[in-house]
Amino acid sequence: MGFLDRSHTIAPPGWNRWLIPPAALSVHLAIGQAYAWSVFKPPLESALDLTGTQSALPFQLGIVMLGLSAAFGGTLVERNGPRWAMFVSATCFSSGFLISALGAWTEQYWLVVLGYGFVGGIGLGIGYISPVSTLIKWFPDRPGMATGIAIMGFGGGALIASPWSAQMLESFGRDSGGIAQTFLVHGIVYAVFMSVGVLLVRVPADVVDKPGVVVRSGVNVSARNAIRTPQFWCLWVVLCFNVTAGIGILEKASPMIRDFFAETSTPVAAGAAAGFVALLSLANMVGRIVWSSTSDLVGRKNVYRLYLGVGALTYLVLALLGNASKPLFVVCAMLILSFYGGGFATIPAYLKDLFGTYQVGAIHGRLLTAWSLAGVLGPLIVNAIADSQKAAGKAGPDLYTASLFIMIALLVVGFVANELVRPVAAKYHEPEVEEAVR
């Protein structure tokens, strides 16, 4: 389609670059709904007679497909441009809801898993990486801030989607018909909302030297060469372990704070635990823009020293003093989740610093396979240890002490991996050439 062609997205003279972050946000705020999947778990379990493990399948498959589609689709995103990528993302993500609506209506749960998890998960992955290289090209002076704004939307999407979804379930009903109507409305509204990004996104004209030709100069590494460098795998370890440490708390937040203070004189009520979860979501979102913007001033390696080094110390405080004070527990957890969000938002700028802008979107996509592993590893560590400790008769903070020390060890390994990052050797650089736009 000509409208989606990369050559037709070149910005005209005078195009305002500040229109690009809203274009990216329209996609990321939509796909950030994934963090609100838990709203659908209880009604699905009741309406379709599912276990908790079964109701988690669409989310788990969605995160796996996010990493895989980002990895395998990254090169296509770079080749075809941001408008094509955002269109594919909107189509897959919205179609996933429509297929899920059919599954809920007919009470065929496999269709919900297929729609939300597989088809929608492809939309998650393509949509997540679609604006990255474009934002970096528009904001070469502040790449951390630019990608932070967009990726903040993914962290904050659940703040919109969670109450919105809950309200629709109350209005339409929590049976299979009500769930189907809610999925249907999601699919339609997100299709319209994401189309704003498709229409707004542009490639900066100053990357074009003459009609149809893009000039590629400076330090630029292809995605194929990037995965052959030690720098890529050091950053893979950094991202994987930083995400593992954060998502372990995020997934278990509500029961964790209740368990920590269950045997004290001031136990935490269910409502307060839900408020704690909301605070963590806010810290996740704010950390994405604050810390990534900070990285423009202090450097990527230094800000990852903060995420990993201070993160490990914060986990140590939780392990040793976690149940001594509720404010201390909440502040430490919020700090860890801000580092979790900041790690996601800063990694594209770190990749740009090391590998250039040539195929940074494709490289970012391959790196997100670390997220797929961490999304399984973090909850598995925390839940498996808590279950085994409970079976052994332990309670309170003792359920989590071992997993907290494991997280500290992972962050220390990540810290060392970050220290090993050096400039990429010249043998991996692309030659300075002019590349025809197709």
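Above this note sits the structure.
Residues numbered from 1 in each chain as written. Predicted model: local features only at pLDDT ≥ 70, side-chain atom pairs only at ≥ 80, totals over all residues. Heavy atoms only, no water.

Draft legend 1. Highlighting the packing of aromatic side chains. In this structure the tally under the stated criterion is 26 aromatic pairs. When the centroid spacing of 4.5 Å and the interplanar angle of 35° are considered together, the rings of Trp 37 and Tyr 116 count as tilted. Placement of Trp 37 in the loop between helix H1 (20-31) and helix H2 (41-48) and of Tyr 116 in helix H6 (residues 109-129) is noted, with a sequence separation of 79 residues between them. The two residues Trp 37 and Tyr 116 agree in class, both being buried. Between Tyr 128 and Phe 154, the aromatic rings sit 5.2 Å apart at their centres with planes inclined by 90°, giving edge-to-face as the arrangement. In this pair, Tyr 128 sits in helix H6 while Phe 154 sits in helix H8 (residues 143-172), placing the two residues 26 residues apart along the sequence. In this structure, Tyr 128 and Phe 154 share a single accessibility class: buried. Chaining the aromatic ring pairs together yields one cluster made of Trp 37, Phe 40, Phe 93, Phe 97, Tyr 116, Trp 164, Phe 183 and Tyr 190. (Phe/Tyr/Trp six-rings, centres within 6.5 Å; stacked < 30°, edge-to-face > 60°. Helix = DSSP H or I, 4+ residues; strand = E, 2+ residues; numbered from the N terminus. Buried < 20%, exposed > 50% of the residue type's maximum accessible area, 1.4 Å probe, protein only.)

Draft legend 2. Fine view of helix H16 (residues 369-391). When the terminal C-alpha atoms of H16 are compared, their 33 Å separation across 23 residues agrees well with the 33 Å that a helix rising 1.5 Å per residue should span. When H16 is considered as a whole, its buried residues turn out to be Ala 370, Trp 371, Ser 372, Ala 374, Gly 378, Pro 379, Ile 381, Val 382, Asn 383, Ile 385, Ala 386 and Gln 389. Just downstream of H16, Gly 393 is the residue with a positive phi angle, here 90°. (Expected span 1.5 Å × (residues − 1).)

Draft legend 3. Just the side chain of Gln 231, in detail. For Gln 231, the location among the structural elements is in helix H11 (residues 230-260). Overall, Gln 231 belongs to the buried group, its relative accessible area being 7%. A distance of 2.9 Å separates the side chain of Gln 231 from the backbone oxygen of Pro 423, its partner in a polar contact. Each residue touching Gln 231, except ones within four places of it in the same chain, is listed here: Leu 354, Phe 355, Val 421, Arg 422, Pro 423, Val 424 and Ala 425. (Polar contact = N/O pair within 3.5 Å; in protein donor to acceptor, adjacent residues only side chain to side chain. Contact = heavy atoms within 4.5 Å.)

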